[in-house]
Amino acid sequence: MKNIYLNIYRPNYINLKKVKKCIENNNVIGLPTETVYGLAGNAYSDKSVKKIFNLKRRPLFNPLIIHFKNLNDLKNDVILNTNFRKLYDAFCPGPITFVLKKKKKSRISIIATAGKKTVAVRVPKHRVARNLLDILKFPLAAPSANISSKLSPTSAKDVFEEFGNKIKFILDGGQCKIGLESTIVDLTGKPSILRPGSVTLKKIQKVLKKKIKIKKNPKKIKAPGQSKLHYSPGIPVKLNRKNAKKNQALIGFGKKFKVGKNYFNLSKKGNLKEAANNLYKTMREVKKKKFKSIAVIKIPNKGIGYAINDRLKKASNK
Ligand code: AMP
Ligand code: MG
């Protein structure tokens, strides 16, 4: 069979060097992280950042997450505070994003932050993302590598499905370990969670030793993960179902979940982390198999289950 994935590259030293050049020339690439794949470009370059918005068809009011190598680099662009330091020590590098105040002298593109005085920053853990950041002299703006409002990609081939040959390089870092977007915590005032993820409310509260709020329907949308219809597989999604209708796939999990052509098990072991990891992959598979809609069984709202339900609710436009 003909190999159509000509822009998917193994993340070896030679290819990383090529990618470095490509990004230095203000182009954007597909980058694996432990959460989902990102569409990455120079965060200091308006030209690169514009390309990200255009490719994703993302509204310009929707700011991007900026990825840094380490704490030292973060200091150039954002004002750190005590809550940040505690959470950074506990969870970084890792799947957590912090909204912090932008420094006056920051060089981050004003387009990347949608003109805000705050910036969402993350230090990713994935080896390939780290290896690339290590050889670059600037941070990477890297929102999820999908067309706006659609499902995030969790493999290099998913990124190809979204953008085909419109990007020169997609680095193949395998299937993402977590498979859901990072937790976003706003630390510009009283800490609050803007988007739930694998770093749960409980874990954050334990580190900060105080109660934290999850912003459900803030008047002003601070993160697009908060707007309606997001994470959409492109077909209707119905929640809390027990059975599938005609032409409908049923997504469930656990040992007792039925087996059959239109049944898709997120985790035979009934493990929520595994279920989270398989969620987007499974929804993509269902769409490819031409089912007309997706029904999902009730998912327990504990641990990462809370983040799964958050994404499913948005995918179902609720
Ligand atoms: P994505 O990488 O596509 O999952 O989206 C990045 C997320 O970070 C979006 O939900 C953004 O709105 C959010 N974000 C980026 N910058 C800020 C900011 N300054 N304040 C609040 N949220 C932000
Ligand atoms: Mg996204």
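Peer 1: Teacher, can you tell me more about the environment of Lys 216 here?
Peer 2: Of note, Lys 216 is situated in the loop between β12 (213-214) and β13 (237-238). Residue classification places Lys 216 among the exposed positions, given a relative accessible area of 59%. Expressed as a C-alpha distance, the spacing of Lys 216 and Asn 131, which sit 85 residues apart in the sequence, is 36 Å.

Peer 1: Would you take a moment to explain the packing of helix α1 (residues 13-24) against helix α5 (residues 127-135) for this structure?
Peer 2: When two helices pack together, their arrangement is given by the angle between the helix axes and by the axis-to-axis distance. Relative to each other, α1 and α5 sit at 60°, their axes nearing to 10 Å. Judged by the inter-axis angle, α1 sits oblique to α5. For the element pair α1 and α5, the recorded crossing hand is right-handed. Counting all contacts with α1, which are made through Leu 16, Val 19, Lys 20 and Ile 23, the residues of α5 involved are Asn 131, Leu 132 and Ile 135. Taken together, the residues of the contact of α1 with α5 break down into 5 nonpolar, 1 polar and 1 charged.

Peer 1: Would you explain helix α9 (residues 305-315) in this entry?
Peer 2: Think of an α-helix as turning once every 3.6 residues; residues three or four places apart then point the same way. Buried residues dominate α9, accounting for 9 of its 11 residues. Among the residues of α9, Gly 305, Ala 307, Ile 308, Asn 309, Asp 310, Arg 311, Leu 312, Lys 314 and Ala 315 are the ones counted as buried. Here the buried face of α9 lies against β11 (192-195), β13, α8 (272-288) and β16 (293-296). Downstream of α9 by a residue or two, Asn 317 has a phi angle that is positive, lying close to 65°.

Peer 1: Sorry if this is basic, but what is going on with the packing of helix α4 (residues 82-91) against helix α7 (residues 201-208) here?
Peer 2: With their axes 9 Å apart at the nearest point, α4 and α7 run at an angle of 120° to one another. Compared by their axis directions, α4 and α7 come out oblique. Crossing hand, α4 versus α7: right-handed. Listed contacts from α7 to Asn 83, Lys 86, Leu 87, Ala 90 and Phe 91 of α4 are Lys 203, Ile 204, Val 207 and Leu 208.

Peer 1: Before we go on, may I ask you to explain the pattern of salt bridges in this structure?
Peer 2: Opposite charge on two side chains makes pairing possible when the charged atoms of those side chains draw close. Considering all chains together, one arrives at 11 salt bridges under this definition. Measuring nitrogen to oxygen at the nearest pair gives 3.0 Å for the salt bridge that ties Glu 161 to Arg 284. With Glu 161 in helix α6 (residues 156-163) and Arg 284 in helix α8, this pair connects stretches of sequence that are 123 residues apart. Judged by relative accessible area, which is 7%, Arg 284 ranks as buried. Here the salt bridges do not stand alone but share partners, grouping Asp 158, Glu 161, Glu 162, Arg 284 and Lys 288 into one network.

Peer 1: How do you make sense of the sheet that holds strand β15 (residues 263-265) when you look at a structure like this?
Peer 2: Strand pairs in the sheet, formed through backbone hydrogen bonds, run parallel or antiparallel to each other. Read across the open sheet, the 4 strands follow the order β13-β16-β14-β15; overall the sheet is parallel. Both outer strands of the open sheet, β13 and β15, are each paired with one neighbouring strand and no more. Pairing of β13 with β16 involves 2 bridges; the strand directions are parallel. In the sheet register, Val 237 faces β16, and the bridge partner there is Ile 294. Against the sheet, α8 contacts β14 (248-252), β15 and β16, and its axis sits at roughly 165° relative to β14.

Peer 1: Could you clarify how one ought to interpret α1 in this entry?
Peer 2: With 12 residues, α1 ought to run about 16 Å at 1.5 Å a step, and its terminal C-alpha atoms sit 16 Å apart, in line with that. Listing the buried residues of α1 in full gives Asn 15, Leu 16, Val 19, Cys 22 and Ile 23. Along the axis of α1, the buried residues cluster in a sector spanning 115°; they form a single face. Residues Tyr 13, Ile 14 and Lys 21 are exposed on α1 and point more than 90 degrees away from its buried face. Where α1 is buried, its residues touch β1 (8-9), β2 (29-31), β3 (38-42), α5, β8 (140-141) and β9 (170-171).

Rules of the game
- Residues numbered from 1 in each chain as written.
- Chains lettered and ligands numbered in written order.
- Predicted model: local features only at pLDDT ≥ 70, side-chain atom pairs only at ≥ 80, totals over all residues.
- Heavy atoms only, no water.
- Helix = DSSP H or I, 4+ residues; strand = E, 2+ residues; numbered from the N terminus.
- Buried < 20%, exposed > 50% of the residue type's maximum accessible area, 1.4 Å probe, protein only.
- Axes fitted to C-alpha atoms, helices over the stretch in contact; angles between N-to-C directions.
- Parallel < 35°, antiparallel > 145°, perpendicular 65-115°, else oblique.
- Left-handed = near helix turned anticlockwise from the far one by under 90°.
- Contact = heavy atoms within 4.5 Å.
- Nonpolar A, V, L, I, M, F, W, Y, C, P; charged D, E, K, R; others polar.
- Salt bridge = Lys/Arg side-chain N within 4 Å of Asp/Glu carboxyl O.
- Pairing = 2+ DSSP bridges.
- Expected span 1.5 Å × (residues − 1).
- Arc of directions from axis to C-beta.

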